[in-house]
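Structure assessment
In case you want the letters, here they are:
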Amino acid sequence: MIARAAALFAALLLVSCAEHPLKLQEVASHVFAFIGETEEIKPSNRGNVINTGFIVGSDGVVVIDSGANHKHGQMILDEIASVTSKPIVLLINTHPHPENVLGNSAFAEKGIPILAHSETTAAMQARCETCLKHTREQLSEEIMRGTEIVIPTRSVEHSQDLSIAGRRLRLLYFGWAHTEGDLGVLDVETGVLFAGGLVFHDQIPVMQQANTRGWIAALDALKNQPITRIVPAAGPIANASAVADTLVYLKSLLESMERQYAEGKSAIDVLSSSDLPQFREWALYDWTHQLNVQHVYRELEREELSAERDELYSGLSAPLAPADPWCAAFASSGFGPAVTLTAGLSAIPNSDIVDSTAARCGSGTDSCQWLR
Ligand SMILES: [Zn+2]
């Protein structure tokens, strides 16, 4: 049963002390969020810089994101236990950032299954070791004590509806946006969207792993969902218009960078000429916006290099022997199926070949053949 639901009506319940710095808010009937600080990760906030939350169904509880460390995850569990005695039946990791997933170990201790998009699982396997080390350096050994990397045990590949705990949840996946594995979680009954990394509110979006064009496409698609309220990645609870606000920021930044890139400005030049005054009031503008400027500039550079590479390869088609050493190396690299080298490729760096071939090769190609 929901023991404290009546006391939580549409109000911010601040459980604020050194041991329990979580801010619990009831967003809609049986839907709760923990509102993180709108700050960079630092010891004083113990990594609590994103929003997490939970949904109480008739048969159990589903939690969205686990926090930045084991203690954060444990505090989430403690707070949920003060709201309901129902069992937690699932934890969903919306995306692979450390502040969203490093609390997983507290849930794994209780035997709670963890679900994520398969791209999040892959990214955690590839990056979490480094992320954990970096987060330890940011926060301290003491704050991170007990934190272990726990990889999700269940995965999804596409958007799908999930009936769980007597609730219907819509898992939304639109491809690489804020990260490669972003899931949004829509509680269909109330229209509350846990936006994962897709939507920020009154805070500059974090783009360090972003695909800007993919993120813009994702938000264009997200606008069609029946959303009433949003638990954003960071910032206060929002209404559906926060989707459009994040979209305007991303489009404004991309347009500014495309214009300046076309004018020939350097990555240094754009640092002093990319102010977006309409977003100055958003949290973390001074620091995060500048990082975003650099990120988008680098994306445009990669796009240009990729176009040049495609042009370079366009005249190459004559197959070489499948026994070519590079071909064998690629086949065993895990990037994709075996491919045939083509005449003249020896002058092109291997890294370029791998990048381009991985992008061009479809699965299931068992003979060495250049795909064009
Ligand atoms: Zn994130």
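If you're wondering where the values come from, they're calculated on a predicted model, not measured in any experiment.

On to the overall build of the chain, then. Of the regular secondary structure elements, the chain holds 10 helices and 14 strands. Burial analysis of the chain (372 residues in total) assigns 40% to the buried set. A fraction of 67% describes how many contacts in the chain between residues 6 or more apart in sequence connect residues 24 or more apart.

Among the secondary structure elements, Gly235 is positioned in the loop between β13 (229-231) and β14 (238-239). C-alpha of Gly235 to C-alpha of Val199: the two residues are 36 residues apart in sequence and 9.6 Å apart in space. For Gly235, the residues in contact, after removing those within four places along its chain, are Thr38, Phe200, His201, Asp202, Gln203 and Ala283.

As a general feature of sheets, a regular strand has side chains that alternate between the two faces. Covered by surrounding structure in strand β11 (residues 184-187) are Gly184 and Leu186 together with Val185 and Asp187, the residues of both alternating faces. With four bridges joining them, strand β10 (residues 167-172) and β11 adopt antiparallel strand pairing. Residue Arg170 lies in a different strand from β11, and its bridge partner there is Leu186. Relative to strand β12 (residues 192-194), β11 runs antiparallel, the two being bridged by three bridges. The partner of Asp187 across the bridge, within β12, is Val192. Hairpin connection between β11 and β12: a loop of four residues separates the two successive antiparallel strands, and Gly191 in this loop has a positive phi of roughly 75°.

Strand pairing in a sheet takes place through backbone hydrogen bonds and is either antiparallel or parallel in direction. With mixed pairing, six strands are arranged side by side in an open sheet as β9-β10-β11-β12-β13-β14. Looking along the sheet, the strands with just one partner apiece sit at the ends: β9 (160-164) and β14. Bridge count for β9 against β10 is five bridges, and the pairing is antiparallel. Paired with Gln160 across the bridge in β10 is Leu171.

Right, let's talk about helix α7 (residues 241-262) for a bit. Because each turn of an α-helix spans 3.6 residues, side chains separated by three or four positions in sequence point in the same direction. Between its first and last C-alpha atoms α7 spans 32 Å; for 22 residues at 1.5 Å apiece the expected length is 32 Å, and the two agree. Among the residues of α7, Ala242, Val243, Thr246, Tyr249, Leu250, Leu253 and Met257 are the ones counted as buried. The arc enclosing the buried residues of α7, seen along the axis, measures out at 135°, which places them on a common side. Turned more than 90 degrees away from the buried face of α7 sit Ser241, Glu255, Arg259 and Ala262, all of them exposed. One or two positions beyond α7, positive phi appears at Gly264, with a value near 90°.

In terms of nonpolar packing, the biggest core is built from 72 residues, with Phe54, Val61, Val62, Ile92 and Val231 touching the most fellow members. Sequence-distant contacts of Val61, that is, excluding residues within four places in its chain, are made with Phe54, Ile55, Val56, Ile80, Thr84, Lys86, Pro87, Ile88, Val89 and Ala165. Counting six residues, the second-largest nonpolar core is a separate cluster that includes Val101, Leu102, Ala123 and Met124.

For the rest of this paragraph, the subject is the pairing of β9. Burial of β9 is sparse: only zero of the five residues sit out of reach of the surface. Two successive antiparallel strands, β9 and β10, enclose a turn made up of two residues, where Ala165 displays a positive phi of approximately 55°.

Another aspect to go through is the environment of Val31. In this structure, Val31 sits in strand β3 (residues 31-34). Among the residues examined, Val31 registers 22 C-beta atoms within 10 Å and is labelled buried. Spatially, the C-alpha atom of Val31 lies 7.7 Å from that of Gly53, the residues being 22 residues apart in sequence. If near-sequence neighbours (up to four positions away) are discounted, Val31 is found in contact with Ile55, Asp187, Thr190 and Val192.

In this model, the chain carries a mean pLDDT of 85, and residues with pLDDT of at least 70 account for 78%. Here residues 1-18 scores under 50 on pLDDT; set against residues more than four positions off or in separate chains, the count is 24 contacts. Segment residues 317-372 is flagged for pLDDT under 50; beyond a separation of four residues in sequence, or across chains, it makes 67 contacts in the model.

Rules of the game
- Residues numbered from 1 in each chain as written.
- Predicted model: local features only at pLDDT ≥ 70, side-chain atom pairs only at ≥ 80, totals over all residues.
- Helix = DSSP H or I, 4+ residues; strand = E, 2+ residues; numbered from the N terminus.
- Buried ≥ 20, exposed ≤ 12 C-beta atoms within 10 Å, placed from the backbone.
- Contact = placed C-beta atoms within 7 Å.
- Pairing = 2+ DSSP bridges.
- Expected span 1.5 Å × (residues − 1).
- Arc of directions from axis to C-beta.
- Core = buried A, V, L, I, M, F, W, Y, C linked by C-beta atoms within 7 Å.
- pLDDT = per-residue confidence, 0-100.

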